[in-house]
Amino acid sequence: MSDITLVIDGVECRAAKGDTILQVARRNDIYIPTLCWMEGLTPIGSCRMCVVEVEGNPKLLTACTTPAENGMKIHTKTEKLKQYRLQILELLFAGRNHFCMFCSQTGDCELQRLAIEHGMDKVRYPFLYEPFHNDATDPNIQLDHNRCILCLRCIRVCAEKVGAHTLDLEKRGWGTNITADLGKMLGESDTCVSCGACAQVCPTGTITLRDFVYRGRRNDCDDQVESICPLCSLGCRIKAYVRTGSVARVEGLSANSPDGGQLCHKGRWGLPKSTERDRLTAPMIRTGSSFREASWEEALNLIASKLGSASKAGRAGALLSELSTDEELSVVSSFFRDTMKMDKVDGFFGNMLRGFVKGFQPFADQGIRPFTGAHNILESDAIVVIGANPQEEAPVAASYIRVSTIIERAKLINLSAGKNPFDGITDADIRAALPGEMEKVLVSLREAVEGGPEPKEPAMAESARVLREAKKPVFVIGSSLAEHPSLVTEALNLAVASKAFFDDGLGVVPMLRGGNCLGALNTVIGESDWLSESELDFLYVLSTGMVDEDKRSLEAMTRARFVVVHTPFMVHPLVNMADVLLPAPAWFERSGHYCTLEGERRRMNMIVPPKGNLKGLSVIMDELAGKLGLELQPASAAPCENVYEAKSPSTSARTVSLKEVR
Amino acid sequence: MTMSAATLTRSDLETRLLPLADRYRGRKGITIPLLADMQREMGYIDPEAVDFIAKELDIPAAEMFGVATFYAMFRLQPEGKYVVRLCRGTACHVQGSARIGEQLQRHLGVQEGETTKDGLFTLQYVACLGCCSLAPVMMVGEEVHGRLTPEKAVDVLEAVRASQPE
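Parameters at a glance
Residues numbered from 1 in each chain as written. Chains lettered and ligands numbered in written order. Predicted model: local features only at pLDDT ≥ 70, side-chain atom pairs only at ≥ 80, totals over all residues. Heavy atoms only, no water. Helix = DSSP H or I, 4+ residues; strand = E, 2+ residues; numbered from the N terminus. Rg over C-alpha atoms; globule rule 2.2 N^0.38 Å. Contact = heavy atoms within 4.5 Å. Buried < 20%, exposed > 50% of the residue type's maximum accessible area, 1.4 Å probe, protein only. Areas by Shrake-Rupley, 256 points an atom, 1.4 Å probe, with all protein chains shown as cover. Lys, Arg positive; Asp, Glu negative; His and termini not counted. Charge placed at Lys NZ, Arg CZ, Asp CG, Glu CD. Buried area = accessible area lost by both parts, 1.4 Å probe. Salt bridge = Lys/Arg side-chain N within 4 Å of Asp/Glu carboxyl O. Polar contact = N/O pair within 3.5 Å; in protein donor to acceptor, adjacent residues only side chain to side chain. Nonpolar A, V, L, I, M, F, W, Y, C, P; charged D, E, K, R; others polar. Pairing = 2+ DSSP bridges. Axes fitted to C-alpha atoms, helices over the stretch in contact; angles between N-to-C directions. Parallel < 35°, antiparallel > 145°, perpendicular 65-115°, else oblique. Left-handed = near helix turned anticlockwise from the far one by under 90°. Expected span 1.5 Å × (residues − 1).

**Q** I'm lost on the overall build of chain A in this one. Help?
**A** When its secondary structure is counted, chain A shows 19 helices and 29 strands. Over its C-alpha atoms chain A spans a radius of gyration of 28 Å, differing by no more than 12% from the 26 Å that the globule rule assigns to 662 residues. For chain A, the spread of C-alpha atoms along the principal axes amounts to about 90 × 70 × 50 Å. The contacts in chain A between residues at least 6 apart in sequence include a share of 69% that link residues at least 24 apart.

Structure below.
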């Protein structure tokens, strides 16, 4: 890779062809100030802060866009450059409202930091005082054009990473502004997905998030903790800022990862908002229509007495959230399954997961890993969305689909019973009711791809043509399909026929809804849907309080005679169902591992220490076992490990006949 | 070409814009000629037309809007029946055309480049109309009016408005 050599500020640097001067300098710890440049986004060289002098070239060159060349002699810190940069800053300050004392981002602002760094003690130009509007129409995001320096970071992140391309520039010269869609206010935009990425990259106080302003500047925060978001199966990496013991701000982590450091609306708002919810801080026991606080000893004694008799009668069950960590799932599974020998253990998304597992089975039997990391959507040249609504199920995957389609010009096909979730960018859109019509559509598409009869309907014929020509198609399967395992199998058949082969498995991205669905497969997902059928005397529920419970679980809780709810938040209606409430640590107080769809086991770190009278899950389970005269057994199932391990390369997959499966 | 800003129906858009979209489908770097053709077809750049074309060709609507607002040659409103071209050249400027412009904006209730609600006048400022001896000058449609004051300019427009058939 070191095929060229250049000298920057007297330091000899090696670089690869195609590297920019800025990249080489950064790698060699040589500081060049930047403003519009941002890691992971296309450099545009518009702010001119990164100008450098190259010997033999009379012009000043922008380091972020100029490729490094062999033998270049570059100076980054001359007096001339300092004056130029200072002048640029003064012009920016004179242009709009950059009076820091009135700005929520003061202290966090990159423009302000650069001004201080360059010793800007005055502005030699008259201030324009041009009044621009302050767009406060969006419930979460505020866009004050008076503070904008037109660095275009928001436009680039919105187009290149989120794929929404809501933002762009309007007009020109002094009147240039960021605008949404066709000159709309941000709150009226119909393409904005409310992910807040624009605010995360904004270097000034132009785009701010109401939830985070005035809760602590990044620099003032006591701690920054890297963790992951548990809300969907992608497990996006996050950085949480802690101030006075609470989470003050949540941001996406890595600009270099495929997601470009974005978070979706769920992560961006759901995570920080949950820190303000009512907490359960001590065990509570129901007395009539209300609860009274109890000691752990009393609560566990009560639970043990109910559990003991119920489990002897085979009328005890446990229901767990798939947002729990591997470690939590292991402990709970070791207690209920291996110590209590109960078979009635399941997850909230149990039915969906069983559906997927059943549909995947014929391919798992072939030793094939039946899915691939969602980021591979970015590598694909044809995307087929089947009965999915990625913008709800795994929103960052929806970003991948939009970016791939709009920027990389991948073909996009939608097969769904209802509305097309990617209306406007699909190349073929097919309506098919589940399950019968959808099965016919999938089968006839597969036959056409395999060289069978060409479908007559134009959208079908177009889809078949796209799939025949595609080099790396990818299939996004919605959770609605899991209600009909044969459809999952048929979708995978289509993937095999279209040669959707990726290095880590078959080119299929299932929309598993919970953060740790894959980890739950081995540990807590039951063989059948006992929850809907059983009349229970005892039901233990472990909730994270981050996802609303579905009808199936709430009904089961209503039917059960005695319900223990273990949850961090006072979540209704869950709390109303409980006979005993046990406090649990919230997502920001826990640590452990998640088995993500991206094929990585990612670590969730404790962001703030747990508050209240809490006990660790393993201590609770151990004490319960003791009270029942048992000893906690080691878990027989390891979460995550060997879940759909690839024993053979995906290219060796073959289609299966549904008759065979049934 | 003039036309009213009445809402366009879906089938209107399809018959007028689909042939145009087909001409540009699958090509790159097309935004400016595409917008120019749209303006030729529709008389102006209609937001609904942009939305339609953007979806048809998978171009982000915001990008097309950005280009349409950047270039002065694109109109986002239909042109009025009479284009009022007020000269802002040197001679007219010296003779106070700026005040005339302000008065016209106030009187018509529009900014420069916009069309009045009744669709009668579009106000434009232009560089020179070539009759500096009559400064300050404005053209209303094809007719030139010289030696104006703010009051006279308003009278000219009102006379035109009064001459309209009911």
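**Q** Please clarify how the overall build of chain B should be interpreted in this entry.
**A** Tallying secondary structure elements over chain B gives 7 helices and 4 strands in all. Along the chain direction, N to C, the helices and strands of chain B fall in the order α-α-α-α-β-α-α-β-β-β-α. Dimensions of chain B, computed from C-alpha atoms along their principal axes, come out at roughly 55 × 40 × 25 Å. In chain B, which comprises 166 residues, the proportion classed as buried is 46%. Long-range contacts, defined as pairs at least 24 residues apart, comprise 62% of the intrachain contacts of chain B with a sequence gap of at least 6. Accessible surface computed for chain B: about 8,800 Å², of which carbon and sulfur atoms make up 52%. Charge centroids of chain B, computed over 18 positive and 22 negative side chains, lie 4 Å from each other.

**Q** I tried to follow the interface of chain B and chain A on my own but got confused; where do I start?
**A** One frequently used descriptor of interface size is the decrease in accessible area upon assembly of the parts. Each partner contributes to the interface: chain B provides 15 residues, whereas chain A provides 19 residues. Across the chain B to chain A interface the summed buried area is about 1,400 Å²; carbon plus sulfur atoms make up 59%. Counting the surface chain B buries against chain A, the share from its top three residues, Asp58, Ala62 and Phe65 of chain B, is 40%. On the surface where chain B and chain A come into contact, there are 0 salt bridges. Taken together, the connections running from chain B to chain A amount to 4 residue pairs in polar contact (both at pLDDT 80 or more). Every element with two or more residues in the side of chain B that touches chain A is listed here: helix H3 (47-57) and helix H4 (61-70) of chain B. Here the side of chain B that touches chain A gets 7 residues from one element, more than from any other, and that element is H4 of chain B. Among the residues forming the side of chain B that touches chain A, the class breakdown is 9 nonpolar, 2 polar and 4 charged.

**Q** Would you explain the sheet that holds strand E7 (residues 141-144) of chain A in this entry?
**A** Sheets are built from strands that pair by backbone hydrogen bonding, the pairs being arranged parallel or antiparallel. Residue and element names in this part refer to chain A. Strand order in this open sheet of 3 strands is E6-E7-E10, and the pairing throughout is antiparallel. What marks the edges here is a single partner per strand, and that holds for strand E6 (134-135) and strand E10 (207-209). Inspection of the sheet shows E7 paired to E10 by 3 bridges, in the antiparallel sense. Paired with Leu143 across the two strands is Ile207, which belongs to E10.

**Q** How do you make sense of the packing of helix H12 (residues 436-449) of chain A against helix H13 (residues 458-469) of chain A when you look at a structure like this?
**A** Each pair of packed helices can be described by the angle between their axes along with the distance between the axes. All names here are of chain A. Two numbers describe how H12 lies on H13: the axes approach to 9 Å, and their chain directions differ by 50 degrees. In this view, H12 runs oblique relative to H13, as classed from their interaxial angle. The crossing of H12 and H13 is right-handed. For the pair H12 and H13, the contacting residues are Val441, Ser444, Leu445, Ala448 and Val449 in the first and Met460, Ser463, Ala464, Leu467 and Arg468 in the second. Of the residues assigned to the contact of H12 with H13, the class counts are 7 nonpolar, 2 polar and 1 charged.

**Q** Mind showing me how you'd approach unusual backbone geometry here?
**A** Following Leu434 of chain A, the chain continues to Pro435 of chain A via a peptide bond in cis, the omega torsion being -5 degrees. On the secondary structure map, Pro435 of chain A appears in the loop between strand E20 (428-431) and H12. Following Ala135 of chain B, the chain continues to Pro136 of chain B via a peptide bond in cis, the omega torsion being -5 degrees. Assignment of secondary structure puts Pro136 of chain B in the loop between strand E2 (121-126) and strand E3 (138-140). The phi dihedral of His165 of chain A is positive, around 45 degrees, even though this residue is not glycine. Relative to the assigned elements, His165 of chain A resides in the loop between helix H4 (153-160) and strand E8 (167-170). Classification of His165 of chain A as buried rests on a relative accessible area of 10%. A positive phi angle, near 60 degrees, is found at Lys499 of chain A, a position not held by glycine. Among the secondary structure elements, Lys499 of chain A is positioned in the loop between helix H14 (485-497) and strand E22 (501-502). Using a relative accessible area of 55% as the deciding quantity, one classes Lys499 of chain A as exposed.

**Q** Got a minute to help me understand the pairing of strand E18 (residues 382-386) of chain A in this structure?
**A** As a general feature of sheets, a regular strand has side chains that alternate between the two faces. All names here are of chain A. Judged by how many residues are buried, E18 sits mostly within the fold: 5 of 5 residues are covered. Here E18 shows no split at all, with Ala382, Val384 and Ile386 on one side and Ile383 and Val385 on the other all buried. Inspection of the sheet shows E18 paired to strand E19 (residues 411-416) by 5 bridges, in the parallel sense. Bridge pairing in E19 links Ala382 to Lys411. As judged from the 5 bridges shared by E18 and strand E21 (residues 473-477), these two strands associate in the parallel manner. Looking across to E21, one finds that Ile383 is bridged to Val474.

**Q** Help me understand the side chain of Thr544 of chain A in this model?
**A** Inspection of the secondary structure puts Thr544 of chain A in the loop between strand E25 (538-542) and helix H17 (551-559). In contact with Thr544 of chain A, not counting residues within four places along its chain, are Ser321, Leu323, Ser324, Pro568, Phe569 and Arg590 of chain A.

**Q** Could you clarify how one ought to interpret the packing of helix H2 (residues 79-95) of chain A against helix H3 (residues 110-117) of chain A in this entry?
**A** Residues and elements named next belong to chain A. Put simply, H2 and H3 touch, their axes get as near as 10 Å, and they point 135 degrees apart. Considering their axes alone, H2 and H3 lie oblique with respect to each other. Of the two elements, H2 crosses H3, and the hand of that crossing is left-handed. Contacts from Leu89, Leu92 and Phe93 of H2 reach H3 at Leu111, Gln112, Leu114 and Ala115. In the contact of H2 with H3, the residues fall into 6 nonpolar, 1 polar and no charged.

**Q** It is not clear to me how the pattern of salt bridges should be interpreted in this structure. Could you clarify?
**A** Proximity of charged atoms lets side chains of opposite charge pair with each other. Residue and element names in this part refer to chain A. The full count for this structure, using the stated rule, is 46 salt bridges over all chains. The residue Arg601 makes a salt bridge to Asp326 at a minimum N-O spacing of 2.8 Å. With Arg601 in strand E29 (residues 601-604) and Asp326 in helix H8 (residues 326-339), this pair connects stretches of sequence that are 275 residues apart. For Glu450, the salt bridge identified is with Arg446, shortest N-O distance 3.5 Å. Three or more residues are tied together by salt bridges with common partners; here these are Asp108, Arg218, Arg249 and Glu251.

**Q** Is there a simple way to explain the sheet that holds strand E11 (residues 223-228) of chain A in this structure?
**A** All names here are of chain A. Spatially, 3 strands are ordered E11-E12-E13 in an open sheet, and the strand pairing comes out antiparallel. Each edge of the open sheet is held by one strand with a lone partner, namely E11 and strand E13 (246-252). Recorded for the sheet is a direction-independent mean angle of 30 degrees between the axes of neighbouring strands. Note that E11 and strand E12 (residues 237-243) share 6 bridges and pair antiparallel. Looking at the pairing, Asp223 lines up with Val242 of E12.

**Q** Where do I start with H8 of chain A in this structure?
**A** Quick reminder: α-helices carry 3.6 residues per turn. Residues three or four places apart thus point the same way. Residue and element names in this part refer to chain A. Its 14 residues place the ends of H8 18 Å apart at the C-alpha level, agreeing with the 20 Å of an ideal helix rising 1.5 Å per residue. Listed as buried for H8 are Asp326, Glu328, Leu329, Ser330, Val331, Val332, Ser333, Ser334, Phe335, Phe336, Asp338 and Thr339. Remark: Lys341 follows H8 within two positions and exhibits a positive phi of approximately 55 degrees.

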